[in-house]
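Below are the chains, spelled out letter by letter.
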Amino acid sequence: MSNLISIKSATLSEDIAQQLTNAIVQGDIPQGSKISEPELAKQYGVSRGPLREAIVKLEGLGLVTRTANVGARVIQLNTQDMLDTFAMREALEGMAARLAASSMPTDEINSLYALLDKHQAHLDANQDEHYVQQGGNDDFHLRIIHASGNGKLIRLLTEELYAVIRMYRRHTADQRSDPRQALREHKAILDAIANHEGDLAELLMRRHISRASKLLEQAMQHAVATSL
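Remember, it's a predicted structure, so these values are computed and weren't measured experimentally.

Chemist: I'd like to hear about the overall build of the protein, residue by residue, with values.
Modeler: When helices and strands are counted, the protein shows nine helices and two strands. Reading the protein from its N end, one meets helices and strands in the order α-α-α-β-β-α-α-α-α-α-α. Look at the contacts in the protein between residues 6 or more apart in sequence, and 77% of them connect residues 24 or more apart. Accessible surface, the protein: about 12100 Å² in total, of which carbon and sulfur atoms supply 51%.

Chemist: Give me the lowdown on unusual backbone geometry, citing residues and values where you can.
Modeler: Backbone geometry places His196, a non-glycine residue, at a positive phi of 60°. Within the fold, His196 resides in the loop between α8 (179-194) and α9 (198-227).

Chemist: Any chance you could break down the pattern of salt bridges for me, citing the residues and the numbers?
Modeler: Counted according to the given criterion, the structure contains ten salt bridges. The closest approach of N and O atoms between Glu108 and Arg143, which form a salt bridge, is 3.1 Å. Note that Glu108 is positioned in helix α5 (residues 106-125) and Arg143 in helix α6 (residues 140-147), a separation of 35 residues in sequence. Of the residues examined, Glu108 reaches a relative accessible area of 22% and is grouped as partly exposed. A salt bridge links Arg180 to Asp124, with the shortest nitrogen-to-oxygen separation between them at 2.8 Å. One end of the pair, Arg180, is in helix α8; the other, Asp124, is in helix α5, and 56 residues separate them in sequence. Residue Arg180 is classed as partly exposed on the basis of its relative accessible area, which comes to 22%. By relative accessible area, Asp124 is classed as partly exposed at 48%.

Chemist: Give me the environment of Arg155: which residues, what numbers.
Modeler: Mapped onto the elements, Arg155 comes out in helix α7 (residues 151-171). By relative accessible area, Arg155 is classed as partly exposed at 40%. In the structure, Arg155 is positioned ten residues away from Ile145 in sequence and 9.5 Å away in space, judged by C-alpha atoms.

Chemist: Break down the packing of helix α2 (residues 37-44) against helix α3 (residues 48-60) for me, citing the residues and quoting the values.
Modeler: Their axes nearest at 10 Å, the elements α2 and α3 cross at an angle of 110°. With respect to their mutual orientation, α2 and α3 come out roughly perpendicular. When you trace α2 past α3, the crossing you get is right-handed. Packed against α2, whose contacting residues are Glu37, Pro38, Leu40 and Ala41, the element α3 presents Arg48, Leu51, Arg52 and Ile55 at the interface. Counted by class, the contact of α2 with α3 contains five nonpolar, no polar and three charged residues.

What counts and what doesn't
- Residues numbered from 1 in each chain as written.
- Predicted model: local features only at pLDDT ≥ 70, side-chain atom pairs only at ≥ 80, totals over all residues.
- Heavy atoms only, no water.
- Helix = DSSP H or I, 4+ residues; strand = E, 2+ residues; numbered from the N terminus.
- Contact = heavy atoms within 4.5 Å.
- Areas by Shrake-Rupley, 256 points an atom, 1.4 Å probe, with all protein chains shown as cover.
- Salt bridge = Lys/Arg side-chain N within 4 Å of Asp/Glu carboxyl O.
- Buried < 20%, exposed > 50% of the residue type's maximum accessible area, 1.4 Å probe, protein only.
- Axes fitted to C-alpha atoms, helices over the stretch in contact; angles between N-to-C directions.
- Parallel < 35°, antiparallel > 145°, perpendicular 65-115°, else oblique.
- Left-handed = near helix turned anticlockwise from the far one by under 90°.
- Nonpolar A, V, L, I, M, F, W, Y, C, P; charged D, E, K, R; others polar.

Printed below as a string of C-alpha cells:
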C-alpha cells in the first residue's frame, strides 16, 4: 500500500511540475517572482509535499533558484545566461541533427515536412505573425533531438536545457523578425536529414541556432533599453 501511495504522489508531483513549467514559460508566473507554497498549494488543490517535490524538479530544470532565508524564485532571464545556454544548445542540437540524418525513419521525416507545411499555412493566414513555439510533437527541434537516438544527448537537451530554452524563445517571440527565414532554415535542415547528409544537417542546425542566439541577444537588449 505504501508503494502505491508513493507512486501516486510521484505522479501528482510530476503533473504539478509540468503545469508550473508551462505557467513559467508562458509568463503566467512572472520572472523573478517568489514561489509561494501556500498560494500554489491552494491554487492547485494539493498538499505541500507533492508541491515541494515539483519545485525541486523545477530547480533541476533551471527554472527556479533557491536562496537561503529567501526561498524559491523564478529565474530572471539575462543576456549572458542566454548566450551560455544557446552555445551549449548549438553544439548539442547540431550533433542531434547529424545523428538524426542517419537514423530518422521516413515516416517521421514525412511527418516533419507536414509540420512545416502547417507552420507555413499559419504564416500565410496570419500575415507572417510568429507561430508560438509549441512543446511535444509540434516542436520541430524537439522531434529532431529525439530522432538522434542518443539517450544522454536527449536527456541533456530535454531535461536540463529545454524548459529554459522555451522560456527564452517565448519571451522574445514578438520581437524577432522574419519568421519565414526561420521556416526556410528548418526546411533546409530537414532536407539535409532526409538526404542523409549528416555533416550538412549539423552545419545548418548550428548556423540556425547561432542566428537565433544573435536575434535573441538583440531582442533582449532592446527590451532593456525600452524599459529604461
